[in-house]
Amino acid sequence: MSFREGASQDALIAHCAKVASEIPVVGFYLQPAVGGIRLSFEFWRRFAAIENVVAIKIAPFDRYATLDAIRGVIAAGAE
C-alpha cells in the first residue's frame, strides 16, 4: 500500500519496521515539491528509531520539511 492509496504514516512505519526486521532499510524523503508526500517530525522520529534503518536520503526542496526530518532523527538519538 502506498500513500497515494491513502495509507497512514502509522501504516508506513509498520511496513518499514517489518522490512527492517529482515534487511537494512534506507529511507528516501521525496518531498511534495517533487511529487512525494509530506511526512511529519513524528514520522521521522519513529522511522529513525527502527532498528536496522541505516540511512536516510533527503531531497531538500523544502527547508521546513527537511528540518522536520532532521529534528526527528535527532529526537530518536539516531544522528
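Parameters and conventions
Numbering of residues starts from 1 in each chain and follows the order in which that chain's sequence is written. Reporting of local features is limited, given that this is a predicted model, to residues whose pLDDT is at least 70; pairs of side-chain atoms are given and counted only at 80 or more, and all residues count toward the totals for whole chains, interfaces and linings. With hydrogens and water stripped out, all remaining heavy atoms of the structure feed into the side-chain values. Strands here mean DSSP runs of E at least two residues long; helices mean DSSP runs of H or I at least four residues long; both are numbered from the N terminus. In protein, a polar contact means a hydrogen-donor-capable atom and an acceptor-capable atom, both N or O and within 3.5 Å, with residues adjacent in sequence counting only if both atoms are side-chain atoms; elsewhere, any N or O pair within 3.5 Å suffices. A pair of Phe, Tyr and Trp rings is counted when the ring centres sit within 6.5 Å of each other, with Trp represented by its six-membered ring. The angle between the planes then sorts it: under 30 degrees is stacked, over 60 is edge-to-face, the rest tilted. For each residue, the accessible area found with a 1.4 Å probe, counting protein chains only, is set against the maximum for its type, and the residue is called buried under 20%, exposed over 50%, and partly exposed in between.

Asker: Report on the side chain of Thr66, specifying residues and quantitative values.
Answerer: If you trace the backbone, Thr66 turns up in helix H3 (residues 63-75). Separated by 3.1 Å, the side chains of Thr66 and Gln31 make a polar contact.

Asker: For the packing of aromatic side chains, give the residues involved together with the corresponding values.
Answerer: Here a ring pair, both rings aromatic, is described through the centre-centre distance and the interplanar angle of the planes. Enumeration over the complete set of coordinates arrives at four aromatic pairs. Consider the rings of Tyr29 and Trp44, whose centres lie 5.0 Å apart with planes at 50 degrees: the pair is tilted. In this pair, Tyr29 is assigned in strand S1 (residues 25-29) and Trp44 in helix H2 (residues 41-48), connecting sequence segments 15 residues apart. Trp44 carries the same exposure label as Tyr29, and that label is buried. Between Trp44 and Phe47, the aromatic rings sit 5.6 Å apart at their centres with planes inclined by 80 degrees, giving edge-to-face as the arrangement. Separated by three residues within a single helix, Trp44 and Phe47 lie in helix H2, roughly one turn from each other.

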